Each structure stands twice: as C-alpha cells, then as structure tokens.
Amino acid sequence: MRAALVDSGIDASQPFLALHLSGGTTEMLLCEQGRLTLIGGSLDLHAGQLVDRTGVRMQMPFPAGPSLERLAMQGKAQGLIGVSIKGTSCNLAGAENKIARWLEEGVLSREQIAAEVFDFLSRTIERMIEAGCEQTHCRQALLAGGVASSTLLRPMLGERARKRGLSCRLCFARPELSGDNAVGVALLGAQALAKEKRGIEDGGNAD
C-alpha cells in the first residue's frame, strides 16, 4: 500500500478504496487514516490467475499478461462473459470455465477471447468499486498490482466508469512501484529510519 500511494493522486487524508489486483490477490480494502479493513474481493480465482491461465492455454509464456494484452488489442469484445457480483465480492472461476470451453471448441478467435478477458475484468472491477462506494461512501479508489498495471485495462476501466456514472475518482499506482512488495517494504523501512533519526535528534536537542 505504501508504494502504491506514491504519485497516485490519492488524497490519503480522506477515506478511499484500495484494490490490489494480481495473480495472488484480488482484494478491496477500505483505507481510513492508515487503518485497513477488508471489505471485498474474489471468492475464488484471482484476476491475475484468470489472465495467466488463459494465456497458458494459448501456449503463451508465463506470466501471460503482456502477451494476452497484445492479443486482446487485436480483437473486439462483445461482453460474452457475465459478471458475478455478490455485494462487494466477485466470482471469476466461471469465466475461466467458459474460456476453456471456447478454446476447446474453437468457436471464437484467440483475439476475441483475449479481448473478452479484459472486457470481463473491467466490468467486474468497476462493479466492485461501485458497490464499495455505495457501502462506504468513498469517492476515490486506488488500484494497484500487476493486473491493475495493464495499459489496456486502465483506459477500459475509466471509460466504463464514465458510462456508468461512477461517482468515484479512479487513481492508479505507478506500475514500477506497486508490482513488487519489496518496494513497499523499503519505503516503510526508510520512513521508520527517518522517524528514528528525528527522535534521536530531538532527544539530543532536549539535552
């Protein structure tokens, strides 16, 4: 979270939603003055797993995000995968099953299947944010993680939010800072060190 905030545009003095979308997590948290509360997420598959498993089925290198994204840019989605939302949580496994059938049966082109994956994720994430805003009354959301770093998904989310009239400002973490937990750990360490140094200096001045 610490790394994701850098240059994101989020006003951390006000409550906001934070979504981490990767191969290991698909979670939505309420952030209030540094306090984090898990309020939603995927109930089965993670967003990055859906992307990677689809790509691997197409014989793409792992992780498959960049390759699947390039293929998706050549296709056109028709919204063929239904969104499954339960409150502020979602289900993604059904989408994987449908995609597997498409590939086995050869009923859709690889380009369209790739486009359907990103279209499905954009609709799902937007609906989660919408539900999260209704529940918490937040008016800003921070998106981080490998999936949220997609150059294709970001504008899709922005466009869908505009069409749905979402009253929530979407902010995105810098990809190079939010994709690795080590960056956040380093920033927290630097912050703690600076705080300790200030404490030592203040103690020295008091003497």
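Conventions and cut-offs
Just so you know, the residues in each chain are numbered from 1, in the order the chain's sequence is written. The predicted origin of the model limits local features to residues at a pLDDT of at least 70 and limits the giving and counting of side-chain atom pairs to 80 or more, whereas totals for whole chains, interfaces and linings rest on all residues. With hydrogens and water set aside, each side-chain value is computed from the structure's full complement of heavy atoms. Each helix is a run of DSSP H or I of at least 4 residues and each strand a run of E of at least 2, with the numbering of both proceeding from the N terminus. Burial here depends on accessible area, computed with a 1.4 Å probe over protein chains only, as a share of the maximum for the residue type. Under 20% is buried, over 50% is exposed, and the range in between is partly exposed. The accessible surface values rely on the Shrake-Rupley method and a 1.4 Å probe; as for residues, cover is taken only from the protein chains in view. Think of a salt bridge as a Lys or Arg side-chain nitrogen and an Asp or Glu carboxyl oxygen that are within 4 Å of each other. The criterion is simple. A nonpolar core is a set of buried Ala, Val, Leu, Ile, Met, Phe, Trp, Tyr and Cys residues joined through side-chain atoms within 4.5 Å. In this analysis, two residues are considered to be in contact whenever any of their non-hydrogen atoms come within 4.5 Å of each other. Pairs of strands are assigned from DSSP output, requiring at least two bridges between the strands.

S.K.: When you look at the overall build of the protein chain in this model, what are you seeing that I'm missing?
M.R.: Within the protein chain one finds 8 helices and 7 strands. Among the 207 residues that make up the protein chain, the fraction classed as buried is 45%. When the accessible surface of the protein chain is split by element, carbon and sulfur atoms take 52% of a total near 10600 Å².

S.K.: Looking at this structure, how should I read the pattern of salt bridges?
M.R.: Any two side chains of opposite charge can pair if their charged atoms end up close together. In the structure shown here, the tally under the stated rule is 9 salt bridges. The closest approach of N and O atoms between Asp 7 and Arg 174, which form a salt bridge, is 2.7 Å. Taken together, the residues Asp 7 in the loop between helix H1 (2–5) and strand S1 (16–21) and Arg 174 in the loop between strand S7 (169–172) and helix H7 (175–178) connect sequence positions 167 residues apart. Overall, the relative accessible area of 30% leaves Arg 174 in the partly exposed class. For Glu 159, the salt bridge goes to Arg 162, with nearest N and O atoms at 2.9 Å. Residue Glu 159 and its partner Arg 162 are located together in helix H6 (residues 153–164), separated by 3 residues, close to a single helical turn. Salt bridges sharing partners connect three or more residues here, namely Asp 7, Arg 174 and Glu 176.

S.K.: Just checking my understanding: could you explain the nonpolar core for this structure?
M.R.: Note that soluble globular proteins tend to have their nonpolar side chains buried in a common cluster. Core analysis: the largest hydrophobic core is formed by 46 residues, its most contacted members being Leu 17, Leu 19, Leu 121, Ile 125, Ile 129, Leu 143 and Leu 170. Counting residues per element, this core draws most heavily on helix H5 (residues 110–136), which supplies 11 residues. Non-local contacts of Ile 129, meaning those with residues more than four positions away in its chain, are made with Leu 17, Leu 19, Met 28, Ala 141, Leu 143, Leu 166, Cys 168 and Leu 170. One finds Ala 4, Ala 144, Cys 171 and Ala 173 within the second-largest nonpolar core, a separate group that totals 9 residues.

S.K.: What should I look at first to understand the pairing of S1 in this one?
M.R.: Counting buried positions along S1 gives 5 out of 6 residues, so the element sits mostly inside the fold. Across 6 bridges, S1 lies against strand S2 (residues 26–32) in antiparallel orientation. Along S2, the bridge assignment pairs Phe 16 with Cys 31. Relative to strand S6 (residues 140–144), S1 is paired through 4 bridges, and the arrangement is parallel. Paired with Leu 17 across the bridge in S6 is Ala 141.

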